[in-house]
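Results of the structural survey
The primary structure of each chain is shown beneath.
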2 protein chains.
Amino acid sequence: MNTKEIKAYGTESAEADLKQLQINRRVVLENDVEIDILYCGVCHSDLHFARNDWGMTQYPVVPGHEIVGKVAQIGEGVSKYKVGDIVAVGCLVDSCRTCQNCKDDLEQYCPEWVGTYGGYDKHLETNTHGGYSETIVVDESFVLKVPENLDLAGIAPVLCAGITTWSPLRHWNVGKDSKVAVVGLGGLGHMAIKLAVALGAHVTLFSRSTNKIEDAKALGAHDVIISTDQSQMEHVIGKFDVIIDTVPYEHDLNPYIGTLTTNGTLVIVGYLGPIDPMLVTVPMIMGRKSVAGSLIGGIAETQELLDFCGKHNITSDIEVIKIQDINTAYERMLKSDVKYRFVIDMKSLKDN
Amino acid sequence: MNTKEIKAYGTESAEADLKQLQINRRVVLENDVEIDILYCGVCHSDLHFARNDWGMTQYPVVPGHEIVGKVAQIGEGVSKYKVGDIVAVGCLVDSCRTCQNCKDDLEQYCPEWVGTYGGYDKHLETNTHGGYSETIVVDESFVLKVPENLDLAGIAPVLCAGITTWSPLRHWNVGKDSKVAVVGLGGLGHMAIKLAVALGAHVTLFSRSTNKIEDAKALGAHDVIISTDQSQMEHVIGKFDVIIDTVPYEHDLNPYIGTLTTNGTLVIVGYLGPIDPMLVTVPMIMGRKSVAGSLIGGIAETQELLDFCGKHNITSDIEVIKIQDINTAYERMLKSDVKYRFVIDMKSLKDN
């Protein structure tokens, strides 16, 4: 198959810093869109993948799945996009398209979904490579339209941090007068607050520290509960319809279960691992409460979110960086030293 | 307040066997129904309460919350029942009637619900006493109608074992073509199978041992999966919409999570305690799966179930005993040596 060599940023081992690499993109096939990448958000998963934290990385890896760009070329079968359109690509670039999940617009749960990076490109017969690169070639079915009124850098994190919180908010029917709590104020948490507020919910942030209060209110949160303060926690017992838990490390879920209302659900979107300390069943039984997991969102739902962001003028709060600063950005991300998402201006790669 | 002394069976300490006691029932108040108890089912909770396994028992305790009887007397404000009616009482005899849960017909989640035994009788200012007794006096709002076509002994366990499984089946929308699995084949499990089958679902029993296969099929189960057989478990990955987990002791939920379909829910109805081994979040996230708890059911829902049982001619499979055999029954229950519920013929107490 014909390929095109482009510049990218990635790494060839778990121990090495990211650096400039040359990678191959496939030439545009019948249903493909070639996108000149303008911006790419920096997700915590990028770092986990680069460093093989999940033991599944194949090298070289080129991270990046919060991609915004401009259509440079289209295949002859492409009908949704034309050259010059501003488009986006999220965490998925393909799926089997025939299973029940695909039929239900839940491609993220298709057993054969192809990740934007670290997946398997059946055309090139190699790993997929992500958005830390000049261009990307994606089947139009997995390309999204970006509303014209939005800041292009600010919309990038919506493709992962946004949809990861939007999908459970929608699935658990958050709307006007819903009581929503968000655990953790990072990339995911700050989007959860903005989106839940825009959906009309009353939104509370759970935080361990008082220095997040001002930030949370600035994002639209109506309340902040300091989760280490027993009296504040008692004040919200039985209150929340939905809790979006964005914390990416081990933490005790049991105190939050107590703050769910009857039929309430705590949705885990940030933490991969065993629930330690153990969940206790009695508080779940006494009120028919649920603990659930949720993964990003499907393509139709991601488009719905982008349109919603356009209508409500929502973007992510970001810090724009050059690709050459990615290793420093990873170190700062590990210290939660970012409000709330780094976004790479890909001009810095092209100009290099 | 005027009271009436009656015969009952109970215990005055955690260590002692149950024996015959005299207890006081309140005289019939304006909205009260006095019921001559005909049958009372024997629930595992009865044993836990008698032996103070949950550390909350106040003695003397008279267990029993699967009560079927005949109306002997009514208060002047009673409109739903008349003397001679066949009625039932389940796990609840009162609630606050004003909170949101009560308004939503979810009295079982009212923070002030009054248990049929071990609760607080505000009229007598003492513990409530359950159905191991000659009579019980209950506000008509917590009394249920029993369909005339049903076996009166066999319907008793529906009041707890039945409603405990019915409520989650209904809440999670089990119906025609739903794929339901039941974990454990005891009092709760056998009712879960019968009810899910009658709702039109395809029903699978998870069991550790092959000697339950025939029993489960006789109850209507379409399939039995031996949960210790890895290849059988792999065969049902991603299959079930709802799993009703009736097992009352610690067990690993993770293998069952894998057998849920996208958006599936495992509902814990039998086990009180920490979830050990720990739940792992990745399989929950990969398919938006939930783990939930559920507690008995509300009064309206219990009436719905009794009516459903009448229509579908469903009762519990039982072994009728005399009250004098209750201590032996407890020992046999601890060994799961009952198919599937003991029911006390209360004539044995009256005649004594």
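Remember, predicted model here, so these are calculated numbers, not experimental data.

**What about the interface of chain B and chain A?**
Quite often, the size of an interface is put as the accessible area lost when its parts meet. Between chain B and chain A, the contact holds 32 residues from the first and 32 residues from the second. For the chain B and chain A pair, buried surface summed over both sides reaches about 2,900 Å², with 67% attributable to carbon and sulfur atoms. Broken down residue by residue, the surface that chain B buries against chain A is led by Met278, Ile285 and Arg288 of chain B, which jointly contribute 25%. At the junction of chain B with chain A, the criterion picks out zero salt bridges. Our enumeration of links across chain B and chain A arrives at 15 residue pairs in polar contact (both at pLDDT 80 or more). Put simply, the parts of the chain that give the side of chain B that touches chain A at least two residues each are helix 4 (161-171), strand 16 (260-268), helix 9 (282-285) and strand 17 (290-293) of chain B.

**Notes on the confidence of the model for chain A**
Per-residue confidence for chain A gives a mean pLDDT of 97, with 100% of residues at or over 70. The ipTM for the predicted assembly is 0.95, set against a pTM of 0.96.

**Comments concerning the sheet that holds strand 14 (residues 223-226) of chain A**
The strand order across the open sheet built from 12 strands is 14(A)-13(A)-12(A)-15(A)-16(A)-17(A)-17(B)-16(B)-15(B)-12(B)-13(B)-14(B), with neighbouring strands paired in mixed fashion. Across the chains shown, the open sheet's two edge strands, defined by having one partner strand only, are strand 14 of chain A together with strand 14 (223-226) of chain B. Taken over all neighbouring pairs, the strand axes of this sheet differ in orientation by 20° on average, direction set aside. Note that strand 17 (residues 290-293) of chain A and strand 17 of chain B share three bridges and pair antiparallel. In the strand pairing of strand 17 of chain B, Ala292 of chain A is matched with Ser290 of chain B. In the packing of helix 4 (residues 161-171) of chain A onto the sheet, contacts are made with strand 12 (179-183), strand 15 (240-245) and strand 16 (260-268) of chain A together with strand 16 of chain B, and the angle to strand 15 of chain A comes to roughly 160°.

**Focus on the side chain of Thr57 of chain B**
You can see Thr57 of chain B is positioned in the loop between helix 1 (44-50) and strand 4 (67-74). Among the polar contacts listed, one links the side chain of Thr57 of chain B to the backbone oxygen of Phe49 of chain B, at a separation of 2.7 Å.

**A look at helix 5 (residues 187-198) of chain B**
Count 3.6 residues to each turn of an α-helix, and residues three or four apart come out pointing the same way. Residues and elements named next belong to chain B. Counted at 1.5 Å a residue, the expected span for helix 5 with its 12 residues is 16 Å, and the 17 Å between its end C-alpha atoms agrees. Of all the 12 residues making up helix 5, 10 are buried; the element is thus mostly covered by neighbouring parts of the structure. Along helix 5, the residues that are buried comprise Gly187, Leu188, Gly189, His190, Met191, Ala192, Ile193, Lys194, Leu195 and Ala196.

**A look at unusual backbone geometry**
Note the cis peptide between Lys339 of chain A and Tyr340 of chain A, where omega equals -15°. When you line up the elements, Tyr340 of chain A lands in the loop between helix 11 (326-334) and strand 19 (341-345). Put simply, Asp276 of chain B and Pro277 of chain B share a cis peptide bond, and its omega is 0°. Looking at where Pro277 of chain B falls in the secondary structure, it is placed in the loop between strand 16 and helix 9. Phi at Arg288 of chain A is positive, roughly 50°, even though this residue is not glycine. Looking at where Arg288 of chain A falls in the secondary structure, it is placed in the loop between helix 9 (282-285) and strand 17.

Calculation notes
Residues numbered from 1 in each chain as written. Chains lettered and ligands numbered in written order. Predicted model: local features only at pLDDT ≥ 70, side-chain atom pairs only at ≥ 80, totals over all residues. Heavy atoms only, no water. Contact = heavy atoms within 4.5 Å. Buried area = accessible area lost by both parts, 1.4 Å probe. Salt bridge = Lys/Arg side-chain N within 4 Å of Asp/Glu carboxyl O. Polar contact = N/O pair within 3.5 Å; in protein donor to acceptor, adjacent residues only side chain to side chain. Helix = DSSP H or I, 4+ residues; strand = E, 2+ residues; numbered from the N terminus. pLDDT = per-residue confidence, 0-100. Pairing = 2+ DSSP bridges. Axes fitted to C-alpha atoms, helices over the stretch in contact; angles between N-to-C directions. Expected span 1.5 Å × (residues − 1). Buried < 20%, exposed > 50% of the residue type's maximum accessible area, 1.4 Å probe, protein only.

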